Amino acid sequence: MNSSTLPNPQPIVIGDAHRVPRVLFVDQSADLGGAELCLLDIASAWPNQCQVVLFDHGPFETVLSERSVDVSVISVGRASRTGRDSKLGGYLQAGPATMRAAFKLANIARNFDLVYANSQKAFIVGALAARIARKPCVWHLHDILTASHFGWAARRIDIYFANSHARQVVASSEASAAAFREAGGDGSKIDVVYNGFHTQHFQRDLSHASAELRRELKCGAAPLIGSFSRLARWKGQHVILDALVHLPETHLLVVGAPLFGEEDYAKELLSRVQELGLSDRVHFWGFRQDIATLMAGVDIVIHSSISPEPFGRVVVEAMLVGRPVIASDAGGMRELITHNENGLLTEPGDVAGLCAAIELLQKNPGRSQEIAQRAQLISRQRFGLDAILDRLQQVCAKAVA
Ligand code: UDP
C-alpha cells in the first residue's frame, strides 16, 4: 500500500530526548481510524525509544513501518472478540485470553518506562500488562463513554480499569473528559489533549483540486459537497442522503469505508441511494489517503454524526484546507466550531436543518469564504502537531515521575 499521500512531513523533534519516557504504545486495531492516525503522528515523532504493539496485521502496521516506527503484532485470541456492546459474560469468557495477552505484552513492556494504550480493548490488556511489568499506564481515550457508544459492561470495566490501573487519562476533548467523569471516572487523572496535525500538509497549494475532482466526477459546475468519515451508522451519512433529495442540483462525494464491522450499513447506504433516485449525484469513493486534496475539491464538508463525536479529526482537516464545514451540534464539535463564526452547527439527524445550512452557504459564497478563512486561521493556531506532542510528552513524564 502506498501511503505517500498521508501527511508525512519532516519529523518533529520534541524536547530533550533524555527526559522523554521510553513508551510502549498499544492499539487493538490495524485499520486506519482516527485514533490510529493520531497515534501514527505521535509515534513517528516520539523522540526516545518507542514501539507500537497491535493486536492484528493490517494497513496501520504498514504505514508505521514506512515511517520507521518499530511495530509488532501480538495475537490476543479470544480477547479480541469483546467489543463495545459485549455483555459482562462475554468479558468473563475472554478473561483467560486477556490474561495471556497481558503476559505477552508485559514481556515487551519491561524494556519501556510506560505503557500507553490508544484504544479501549488495548487499554484493558495494556493496564494488566503494565501491572504485571510494574510500569505506569496511560490511557488515551479517543471515545465518549456514553450509552450511545458503549454498552453497560464495557463502560463499567473501562472505568474500573481507569480508576484502578491508569496513572493518567488523556481525553481527546472536553466532551470525552466530561463523559468519562459522568461514567464514574476519576477526574483528577484527566488531561484534555486535542489531536495534532501536520498543518503544513494541509497548507499546500491545492488550487487545482476542484477542477480535477469535478472532471473525475463529471459534475461540471454543479454544487459539490463531501463527507469524509468512515461508513458507520452513528456517523450519519444517511442524513446527508436524505438532505440531498431536497437539493436537486447538488452532488455528494462520499469518502470512507466501513472499517469496524459496519458493512451492512454501507450496503444500506447504497440501496438508499437507489431508492431515493440519487445514483447520478452520489459518488462513493471508499477509503482514500489523499483526504486533503479531496476536501479541497468540494465546496462544503459535511460532518453528520447522529451521536456525539469524541473529537472529529475530519472537521479540523477541512478547516485546515480552507473548506467551510457544517457539523452536528454535539460532543467535541462544540469545541471545534463556534456556530456562524468558523463553521455551522446543525441538530444531529435534522435533515431540514442540514438542507437550510447547505443552502445558506451555497447562496452566500462571500459568507462561506469568510467562515472558511476564519476557521483555517484558528485551526492552524490550535491544532499544530508540535505543541500537542509537547503536551503529551509532559503527560507521559508526569506518569513516570
Ligand atoms: N480518513 C481517511 N480516509 C478516509 C476517511 C477518513 O484517511 O477515506 C481519515 C480522516 O482524514 C481522519 C480520520 O480518518 O483523519 C477519521 O477521524 P475522525 O476523528 O474524524 O473519526 P473516527 O474515525 O476517529 O471516528
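Located above this text is the structure these notes cover.
Residues numbered from 1 in each chain as written. Predicted model: local features only at pLDDT ≥ 70, side-chain atom pairs only at ≥ 80, totals over all residues. Heavy atoms only, no water.

1. Observations regarding the state of the cysteines
And then number 1: The final tally for this structure, using the stated rule, is 0 disulfides.
And then number 2: Between Cys137, a free cysteine, and Cys396, which holds the nearest cysteine sulfur, the sulfur-to-sulfur gap is 10 Å.
And then number 3: Judged by its relative accessible area of 1%, Cys137 is buried.
And then number 4: The cysteine Cys219 is free of any disulfide, with Cys355 supplying the nearest cysteine sulfur at 19 Å. (Disulfide = S-S within 2.5 Å. Buried < 20%, exposed > 50% of the residue type's maximum accessible area, 1.4 Å probe, protein only.)

2. Observations regarding the sheet that holds strand 6 (residues 168-171)
Hydrogen bonds between backbone groups are what pair the strands of a sheet, and the pairing can be parallel or antiparallel.
And then number 1: With parallel pairing, the 7 strands of this open sheet are ordered in space as 3-2-1-4-5-6-7. Edge positions in the sheet fall to strand 3 (71-73) and strand 7 (190-192), since each of these pairs with one other strand and no more. Each strand of the sheet is rotated relative to its neighbour by a mean of 20°, with strand direction disregarded.
And then number 2: Note: strand 5 (residues 137-141) against strand 6, 4 bridges, orientation parallel. Bridge pairing links His140 to Val170 in strand 6. (Pairing = 2+ DSSP bridges. Helix = DSSP H or I, 4+ residues; strand = E, 2+ residues; numbered from the N terminus. Axes fitted to C-alpha atoms, helices over the stretch in contact; angles between N-to-C directions.)

3. Examining the packing of helix 4 (residues 95-109) against helix 5 (residues 120-133)
Between two packed helices, what matters for the description is the angle formed by their axes and the separation of those axes.
And then number 1: Running from amino to carboxyl end, helix 4 crosses helix 5 at an angle of 55°, the nearest separation of the two axes being 8 Å. When the axes of helix 4 and helix 5 are compared, the pair comes out oblique. Viewed along their axes, helix 4 and helix 5 form a crossing whose handedness is right-handed. Across the interface between the two elements, Thr98, Met99, Ala101, Ala102, Phe103, Leu105, Ala106 and Ala109 from helix 4 touch Ile124, Val125, Gly126, Leu128, Ala129, Ile132 and Ala133 from helix 5.
And then number 2: Its residues placed into classes, the contact of helix 4 with helix 5 shows 13 nonpolar, 2 polar and no charged. (Parallel < 35°, antiparallel > 145°, perpendicular 65-115°, else oblique. Left-handed = near helix turned anticlockwise from the far one by under 90°. Contact = heavy atoms within 4.5 Å. Nonpolar A, V, L, I, M, F, W, Y, C, P; charged D, E, K, R; others polar.)

4. A look at the site of the ligand
And then number 1: By nearness alone, 17 residues border the ligand, and Arg230, Lys235, Arg288, Arg313 and Glu317 come closest of all.
And then number 2: Between Val314 and the ligand, the recorded distance is 3.2 Å, taken from a backbone N or O atom to an oxygen atom.
And then number 3: One nitrogen or oxygen atom from the side chain of Glu317 is found 2.6 Å from an oxygen atom belonging to the ligand.
And then number 4: Residue assignment for the shell around the ligand shows that the elements contributing at least two residues are helix 1 (34-45) and helix 13 (313-320). (Near = heavy atom within 4 Å. Polar contact = N/O pair within 3.5 Å; in protein donor to acceptor, adjacent residues only side chain to side chain.)

5. A look at the packing of aromatic side chains
Pairs of aromatic rings are described using the distance from one ring centre to the other and the angle between the two planes.
And then number 1: Considering all chains together, one arrives at 10 aromatic pairs under this definition.
And then number 2: Aromatic pair Phe25 and Trp46: ring centres 5.7 Å apart, planes at 90°, arrangement edge-to-face. Of the two residues, Phe25 is situated in strand 1 (residues 23-27) and Trp46 in the loop between helix 1 and strand 2 (50-54); the sequence distance between them amounts to 21 residues.
And then number 3: What makes Phe25 buried here is its relative accessible area of 0%.
And then number 4: Ring centres of Phe123 and Trp139 lie 4.2 Å apart, and the angle between their planes is 0°; on these two criteria the pair is classed as stacked. (Phe/Tyr/Trp six-rings, centres within 6.5 Å; stacked < 30°, edge-to-face > 60°.)

6. Concerning helix 9 (residues 209-217)
Along an α-helix, residues three or four apart share an orientation, since each turn contains 3.6 residues.
And then number 1: Every buried residue of helix 9 is accounted for by Ala209, Leu213, Arg214 and Leu217. The arc that holds the buried residues of helix 9, viewed along the axis, is 120°, so those residues lie on one side.
And then number 2: Looking at the buried residues of helix 9, the elements they touch are strand 8 (224-227), strand 9 (251-255), strand 10 (282-286) and helix 12 (291-297).
And then number 3: Positive phi shows up at Lys218, right after helix 9, with a value of about 55°. (Arc of directions from axis to C-beta.)

7. A closer look at a nonpolar patch on the surface
And then number 1: Among the surface-exposed residues, Leu88, Leu92 and Trp152 lie close enough to one another that they form a single nonpolar patch of about 370 Å² accessible area.
And then number 2: Checked against the element boundaries, Leu88 lands in helix 3 (residues 88-93).
And then number 3: Relative accessible area serves as the criterion here: at 43%, Leu88 is assigned to the partly exposed category. (Patch = residues over 30% accessible without salt bridge, like charges linked within 9 Å, V, L, I, M, F, W, Y side chains within 5 Å. Areas by Shrake-Rupley, 256 points an atom, 1.4 Å probe, with all protein chains shown as cover. Salt bridge = Lys/Arg side-chain N within 4 Å of Asp/Glu carboxyl O.)

8. Re the packing of helix 10 (residues 237-244) against helix 11 (residues 263-275)
And then number 1: Closest axis-to-axis distance for the helix 10/helix 11 pair is 10 Å, and the angle between their directions is 5°. By the angle between their axes, helix 10 is roughly parallel relative to helix 11. Contacts between helix 10 and helix 11 involve Gln237, His238, Leu241 and Asp242 from the former and Tyr265, Leu269, Arg272 and Val273 from the latter.

9. Regarding the side chain of His165
And then number 1: Mapped onto the fold, His165 is located in helix 6 (residues 152-165).
And then number 2: Side chain to side chain, His165 and Ser164 meet in a polar contact 2.8 Å long.
And then number 3: When sequence neighbours within four positions are dropped, the list of residues in contact with His165 reads Ala127, Leu128, Arg131, Cys137 and Tyr160.

10. A few points about the sheet that holds strand 11 (residues 300-303)
And then number 1: An order of 10-9-8-11-12-13 is seen for the 6 strands of this open sheet, with the pairing classed as parallel. Sheet topology places strand 10 and strand 13 (344-346) at the edges, where each strand pairs with a single neighbour. Mean inter-strand twist for the sheet, computed between neighbouring axes without regard to direction, equals 20°.

11. Quick word on the pairing of strand 6
And then number 1: Burial along strand 6 is two-sided: the residues Gln168 and Val170 and Val169 and Ala171 are all buried.
And then number 2: Handedness of the β-α-β unit built from strand 5, helix 6 and strand 6 comes out right-handed.
And then number 3: Sheet analysis places strand 6 next to strand 7, joined by 3 bridges and oriented parallel. What sits directly across from Ala171, in strand 7, is Val192.
And then number 4: A crossover connection joins strand 6 to the parallel strand 7 through helix 7 (residues 174-182); in handedness this β-α-β unit is right-handed. (Right-handed = clockwise from strand over helix to strand, strands pointing away.)

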